[in-house]
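One-letter residues, chain by chain:
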Amino acid sequence: MTRPVFRFAPSPNGRLHLGHALSALLNADMARRAGGRLLVRIEDIDRARCTPELEAAMLADLAWLGVSWEAPVRRQSEHFSDYAAALARLEAMGLLYRGYLTRGEIRQAVADFEAREGTPFPRDPDGAPLYPGDAAVLPEEEIGARAAAGAPFALRLDMNAALARLAAPLAWKELGEDGRVAEIAADPARWGDVVLARKDTPTSYHLSVVLDDALQGVTHVVRGRDLFEATAVHRLLQMLLGLGEPVYRHHRLVLDGDGRKLSKSRGDTALAELRAQGAGPADIRAMVGLA
Ligand code: GLU
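All of these numbers come straight from a predicted model, not from anything done at the bench.

**Here's the deal with the sheet that holds strand 8 (residues 195-197)**
Either a parallel or an antiparallel arrangement is found when strands of a sheet pair, and the pairing is made through backbone hydrogen bonds. Here 3 strands make up an open sheet; going across it, the order is 4-5-8 and the pairing antiparallel. The two strands at the open ends of the sheet, each matched to only one other strand, are strand 4 (96-99) and strand 8. Taken pair by pair, the neighbouring strands of this sheet meet at an average axis angle of 45°, ignoring direction. Alignment of strand 4 against strand 5 (residues 154-157), held across 4 bridges, turns out to be antiparallel. What sits directly across from Tyr 97, in strand 5, is Arg 156.

Here you go:
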């Protein structure tokens, strides 16, 4: 029997905090109980915010927590060619287009729409406006001029064209805390034409996470509830690229005293800070509600 494969996939753009600790410890606990393997993947496609120093600090924090993983770690920044190959396949299927709009232009288009229509502009599950499409915002000559001038563009998934390729409704398998697997209906259309390659980075979170999970043979994706809705996009990409389907488990988030999700920008719950205050790995387990 092949052993289940789990992964913890942090982005080294800050220090590890209690939210990461819950995710890493849950992955480690579940892998151990299942007789499985635990991989660590460094999601460092954002070359401006991720640094080798932060990566080293994250791995040191993880080791201090008592988590052990298989070497070597996969570093996404070393695999841009894998993502380029997947993009080329989607491109050949006619599912990608170039989006030239800037953030400011999208913001303006949304404000204009809301002022004109008196209704909110459609938004994705994270609250970001759906891509309005270049043609809805820019005159045709301007789009042509940008293309001719080699202006930066994002590669976006043509969601309607992608959905038209599905033979059956999409769903994913969600493993509950009670060990039961539920089928969750996936509705990727809610995300609109998602970015698959950013203007500044030749890939995106959605594309690289799906590809790496498949390339690394991940069978169990255990991650925070904040990524629950994004799984619809991940299932769609798996179908389009003919990739296998892991089981998902979206765990509760560790909230701060005000009920807000922890973030790396607030240093208050960084493991390094708690450690400096005298906390040990067992205290961290207790703080994130693990026995
Ligand atoms: N790199 C993502 C993060 O740090 C997690 C991605 C995932 O687990 O799918 O939030």
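Resuming the write-up.
**Focus: the site of the ligand**
Around the ligand lies a shell formed by Arg 7, Ala 9, Pro 10, Ser 11, Glu 43, Tyr 205, Val 209, Arg 223 and Leu 227. The side chain of Arg 7 places a nitrogen or oxygen atom 2.7 Å from an oxygen atom of the ligand. For the ligand, the protein covers 78% of the area, taking 300 Å² as the surface of the free molecule. Partitioning the shell around the ligand into residue classes produces 5 nonpolar, 1 polar and 3 charged.

**Looking at the packing of helix 3 (residues 80-92) against helix 9 (residues 231-241)**
Between helix 3 and helix 9, the least distance of the axes is 11 Å, while the angle of their chain directions is 75°. With respect to their mutual orientation, helix 3 and helix 9 come out roughly perpendicular. Along the contact surface, helix 3 presents Ala 86, Arg 89 and Leu 90, while helix 9 presents Leu 237, Leu 240 and Leu 241. Split by residue class, the contact of helix 3 with helix 9 holds 5 nonpolar, no polar and 1 charged.

**Remarks on helix 8 (residues 205-215)**
With 8 of 11 residues buried, helix 8 lies mostly within the body of the structure. Residues of helix 8 that are buried: His 206, Leu 207, Ser 208, Val 209, Val 210, Leu 211, Asp 212 and Asp 213. At the C-terminal side of helix 8, Gly 217 shows a positive phi close to 65°.

**Points about the nonpolar core**
Counting 34 residues, the largest nonpolar core has Leu 90, Leu 157, Leu 196, Leu 237 and Leu 240 as the members making the most contacts within it. For this core, the secondary-structure elements that each account for two or more residues are helix 3, strand 5, helix 7 (159-164), strand 8, helix 8 and helix 9. No other element matches the 6 residues that helix 9 contributes to this core. Residues within four places of Leu 157 in sequence aside, it is in contact with Leu 95, Leu 96, Tyr 97, Ala 162, Asp 193, Val 194, Leu 196, Leu 236, Leu 237 and Leu 240.

**Describing the side chain of Arg 41**
Among the secondary structure elements, Arg 41 is positioned in strand 2 (residues 37-42). A residue is classified by how much of its surface remains accessible, and Arg 41, at 0% relative accessible area, is buried. Side-chain polar atoms of Arg 41 contact the side chain of Gln 216, separated by 2.9 Å. Filtering out sequence-adjacent residues up to four positions away, Arg 41 remains in contact with Arg 7, Phe 8, Ala 9, Pro 10, Arg 74, Gln 76, Val 209, Asp 212, Asp 213 and Gln 216.

**Here's the deal with the layout of surface pockets**
Where empty space is left can be seen by rolling a probe of water-molecule size over the atoms. By volume, the second largest pocket amounts to about 320 Å³. Surrounding the second largest pocket, 15 residues form its lining, Leu 26, Met 30, Gly 176, Glu 177 and Arg 249 being those nearest its centre. Of all elements in the fold, only helix 1 (18-33), strand 6 (171-175) and strand 10 (247-251) reach the threshold of two or more residues within the lining of the second largest pocket. At 4 residues, the largest contribution of residues to the lining of the second largest pocket is made by helix 1. Here the lining of the second largest pocket is built from residues that sort into 5 nonpolar, 5 polar and 5 charged.

**With respect to the packing of helix 3 against helix 8**
Packed helix pairs are specified by the crossing angle of their axes together with the interaxial distance, meaning the distance between the axes. Packing of helix 3 against helix 8 brings their axes to within 10 Å, and their N-to-C directions diverge by 110°. Between helix 3 and helix 8, the angle falls in the class roughly perpendicular. Between helix 3 and helix 8, the contacting residues are Asp 82, Tyr 83, Ala 86, Leu 87 and Leu 90 on the first element and Leu 207, Ser 208, Leu 211, Asp 212 and Leu 215 on the second. A per-class count over the contact of helix 3 with helix 8 returns 7 nonpolar, 1 polar and 2 charged.

Here is what the cut-offs are and how they apply
- Per-chain numbering applies: the sequence of each chain, read as written, is numbered from 1 onward.
- Since the coordinates come from a predicted model, pLDDT governs what is reported: local features require at least 70, and pairs of side-chain atoms require 80 or more to be given and counted, while whole-chain, interface and lining totals use all residues.
- Derived side-chain values reflect all non-hydrogen atoms in the structure, with water molecules and hydrogen atoms excluded from consideration.
- Strands were regarded as paired on the criterion that DSSP finds at least two bridges between them.
- In this text, helices come from DSSP runs of H or I with a minimum length of four residues, and strands from runs of E with a minimum of two, each type numbered from the N-terminal end.
- Fitted lines through C-alpha atoms serve as axes, helices being fitted only where they are in contact, and the angles separating the N-to-C directions of these axes extend from 0 to 180 degrees.
- In this text, near means that some heavy atom of the residue lies within 4 Å of the molecule or strand in question.
- Within 3.5 Å is the distance limit for a polar contact, defined as a pair of N or O atoms, with the added protein rule that one can donate a hydrogen and the other accept it, and that residues adjacent in sequence qualify only through two side-chain atoms.
- The Shrake-Rupley method, run with a 1.4 Å probe, gives the accessible areas here. Residue values count only the displayed protein chains as cover.
- Classification convention: Asp, Glu, Lys, Arg as charged; Ala, Val, Leu, Ile, Met, Phe, Trp, Tyr, Cys, Pro as nonpolar; all other residues, Gly among them, as polar.
- Angular relationships are summarised with four words: roughly parallel below 35 degrees, roughly antiparallel beyond 145, roughly perpendicular across 65 to 115, and oblique for the angles in between.
- Here, two residues are considered to be in contact whenever any of their heavy atoms come within 4.5 Å of each other.
- Throughout this description, buried means an accessible area under 20% of the type-specific maximum (1.4 Å probe, protein chains only), exposed means over 50%, and partly exposed covers the range between.
- Side-chain atoms within 4.5 Å link the members of a nonpolar core, which is a set of buried Ala, Val, Leu, Ile, Met, Phe, Trp, Tyr and Cys residues.
- Note on definitions: the grid is 1 Å and covers protein atoms alone; a cavity is a set of points where a 1.4 Å probe fits but cannot get out; a pocket is an open set with protein on both sides within 12 Å along at least five of seven lines; lining residues have an atom within 4 Å of a point.
- Grid points are joined across faces, edges and corners, and a volume is the space filled by probe spheres set on the points.

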